[in-house]
Amino acid sequence: MKSLKRRDFLRATALASAGAVVSKSFAKFPIEKLESSEIKPIVIASANGLKAVEKAMEMIKSGSDALDAVIAGVNINEDDPEDMTVGYGGLPNEEGVVELDAAVMHGPSYRAGAVASLRNIKNPSKVARLVMERTDHVLIVGEGALKFAKAHGFKEENLLTDKAREAWLKWKENLSKEDDWLPPHNIEDDDIGEIIKSYYRHYGTIHCSALDLSGNLSVVTTTSGLQFKIPGRVGDSPIIGAGLYVDNEVGAAGSTGRGEANLLNCSSVMIVEWMRQGKSPEEACLLACKRVNERCREKRLKDEKGRFKHNVKFYAINKKGEYGCASMWSGGSYGKIQFALHDGKEARILEGVSLFKA
Ligand code: GLY
């Protein structure tokens, strides 16, 4: 048996007493691979994940498995009423009900779990993990997902904050001049409830991937999905291979943005396969954008030059600790292409690359 280096000894000691951060089911994975001293831990997330990468890296440095770390990271966003794209305070469906999607994938055990259209439970990522660990299934949706969560002790709560309800009401009242919902107005006003012309549909989400000190990779993606969606609409986030994917020998990837485009292209599994073929994480993310653009046949989704006009964004890390982020668009109303990264030294917001510039 090889002798443990000092750092590994400290980690092994930490692991032995770290029941609070290392789940029972994962404890064996870090301990099996303690010999390597070449591993550069890394955590990447969407731009709303600065606190998430900080939390995840803090846990990784104290010996946690990557999946424990990334879930704890995104739980910060799920609990935050100010993040209107995830969990509590997320924007609701067209009927004013918050419906959440989430998935997790654990590299070393090559297992995954997911929930979709889950109502009244603010941490869908935790429920997704239980689907992985405590069922023979990968994806549970709707009423079944809620019952499953309650069976495991999750408490139902109203996830619709006043801020999200008011945003939904404004949308509903301005959908049509012909319906009965009226925005605030004066009796002299005409054209009440005219459609907001420059209306932008939000597909906000948080994705987080990590490489831990044992060289193991894991991923999570969690979201309230497309704002004001048709009830029951499921995006890419809870779909393994689309909204997230990991191969522990190669790398991990995930996405935010227009889920429908990503569902049609299974981009996360493609990114991992391109990394397996030797592409860098950034090159692989950019190839995913190209594929979405080239595959699209629907004119309504393209601009006057025939380019896919919605944004999708991809994040990837590989086994060597390299990282990358690419999106379809940057500039103009699309803004900067940013992502959150912790490389073991500090958490920061970095800029990625884009296929098109507005
Ligand atoms: N990417 C998140 C969604 O489309 O639901």
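Residues numbered from 1 in each chain as written. Predicted model: local features only at pLDDT ≥ 70, side-chain atom pairs only at ≥ 80, totals over all residues. Heavy atoms only, no water.

A.B. asks: Tell me about the overall build of the protein, and name the residues and values.
C.D. replies: Across its full length, the protein carries 10 helices and 13 strands. Looking at the protein as a whole, 53% of its 358 residues are labelled buried. Taking as baseline every contact in the protein between residues at least 6 positions apart, the subset at least 24 positions apart corresponds to 66%. (Helix = DSSP H or I, 4+ residues; strand = E, 2+ residues; numbered from the N terminus. Buried < 20%, exposed > 50% of the residue type's maximum accessible area, 1.4 Å probe, protein only. Contact = heavy atoms within 4.5 Å.)

A.B. asks: Give a detailed account of the pairing of strand 11 (residues 338-342), specifying residues and quantitative values.
C.D. replies: Within a regular strand, side chains alternate between the sheet's two faces. Most of strand 11 sits out of view: four of its five residues are buried. As paired strands, strand 11 and strand 12 (residues 347-351) are joined by five bridges and run antiparallel to one another. Across the sheet, residue Q338 finds its bridge partner in strand 12, namely E351. Following strand 11, the chain reverses through four residues before pairing antiparallel with strand 12; G344 in that reversal takes a positive phi of roughly 100°. (Pairing = 2+ DSSP bridges.)

A.B. asks: Can you break down the pattern of salt bridges residue by residue, with the values?
C.D. replies: Throughout the structure, instances matching the rule amount to 16 salt bridges. For K163, the salt bridge goes to E82, with nearest N and O atoms at 2.7 Å. Separated by 81 residues along the polypeptide, K163 in helix 7 (residues 162-173) and E82 in the loop between helix 4 (66-79) and strand 2 (100-106) bring together distant segments of the chain. When its relative accessible area of 41% is taken as the criterion, K163 is described as partly exposed. In this structure, R276 and E273 form a salt bridge, with 2.9 Å as the shortest nitrogen-oxygen distance. (Salt bridge = Lys/Arg side-chain N within 4 Å of Asp/Glu carboxyl O.)

A.B. asks: Just give me the short version of the sheet that holds strand 9 (residues 312-318), but keep the residues and values in it.
C.D. replies: The five strands are arranged 7-8-9-10-13 in an open sheet whose pairing can be described as mixed. Each edge of the open sheet carries a strand with a single partner, namely strand 7 (244-247) and strand 13 (353-357). Across the sheet, the axes of successive neighbouring strands diverge by a mean angle of 10°, strand direction being ignored. Sheet contacts for helix 9 (residues 267-276): strand 7, strand 8 (251-257) and strand 9; angle to strand 8, the most-contacted strand, approximately 145°. (Axes fitted to C-alpha atoms, helices over the stretch in contact; angles between N-to-C directions.)

A.B. asks: Tell me about the site of the ligand, and name the residues and values.
C.D. replies: Y203, T205, G225, L226, R233, G235, D236, S237, G257 and G259 make up every residue found near the ligand. At 2.7 Å, a side-chain N or O of R233 approaches an oxygen atom of the ligand. Alone, the ligand offers 200 Å² of accessible surface; in the complex the protein occludes 100% of this. Across the shell around the ligand, the residue classes tally to two nonpolar, six polar and two charged. (Near = heavy atom within 4 Å. Polar contact = N/O pair within 3.5 Å; in protein donor to acceptor, adjacent residues only side chain to side chain. Areas by Shrake-Rupley, 256 points an atom, 1.4 Å probe, with all protein chains shown as cover. Nonpolar A, V, L, I, M, F, W, Y, C, P; charged D, E, K, R; others polar.)

A.B. asks: Explain a nonpolar patch on the surface to me, and be specific about the residues and the numbers.
C.D. replies: On the surface, V138, L139 and V141 cluster together to form a nonpolar patch covering roughly 230 Å² of accessible area. Looking at where V138 falls in the secondary structure, it is placed in the loop between helix 5 (124-134) and strand 4 (139-141). (Patch = residues over 30% accessible without salt bridge, like charges linked within 9 Å, V, L, I, M, F, W, Y side chains within 5 Å.)

A.B. asks: I'd love a proper account of the nonpolar core, names of residues and values included.
C.D. replies: In terms of nonpolar packing, the biggest core is built from 43 residues, with I271, F314 and M328 touching the most fellow members. Those residues within four positions of F314 in sequence are excluded, and the remaining contacts are G254, S255, N262, S267, I271, C285, A288, C289, V292, G324, C325 and A326. By size, the runner-up hydrophobic cluster in this structure holds 25 residues, among which are A56, M59, M132 and A340. (Core = buried A, V, L, I, M, F, W, Y, C linked by side-chain atoms within 4.5 Å.)

A.B. asks: Please set out the environment of N75 residue by residue, giving values where relevant.
C.D. replies: Residue position: N75 is located in helix 4. When the C-alpha atoms of N75 and N123 are compared, they prove to be 6.5 Å apart, with 48 residues separating the residues in sequence. Other than its neighbours up to four places away in sequence, N75 contacts N123, S125 and K126.

A.B. asks: Lay out the packing of helix 4 against helix 5 with the relevant residues and their values.
C.D. replies: Between helix 4 and helix 5, the shortest axis-to-axis distance is 9 Å and the interhelical angle comes to 150°. Here helix 5 runs roughly antiparallel to helix 4, going by the angle between their axes. Along its contact with helix 4, which presents L67, D68, I71, V74, N75 and E78, the element helix 5 presents P124, S125, K126, R129 and M132. Classifying every residue of the contact of helix 4 with helix 5 by side-chain character gives five nonpolar, two polar and four charged. (Parallel < 35°, antiparallel > 145°, perpendicular 65-115°, else oblique.)

A.B. asks: Describe in detail the sheet that holds strand 4, supporting the description with residues and values.
C.D. replies: Spatial ordering of the open sheet is given by 4-3-2-6-5-1-11-12, a layout of eight strands whose pairing is mixed. Two strands lie at the open edges of the sheet, namely strand 4 and strand 12, each paired on one side alone. Here the strands of the sheet are splayed against their neighbours by 15° on average, with no regard to which way each runs. The pairing of strand 3 (residues 111-118) with strand 4 spans three bridges and is classified as parallel. Bridge assignment links A116 to a residue of strand 4, and that residue is V141. Sheet strands touched by helix 4: strand 2, strand 5 (206-211) and strand 6 (217-223). Its angle to strand 6, the strand with the most contacts, is close to 20°. With respect to the sheet, helix 6 (residues 142-151) is in contact with strand 3 and strand 4, its orientation differing from that of strand 4 by roughly 105°.

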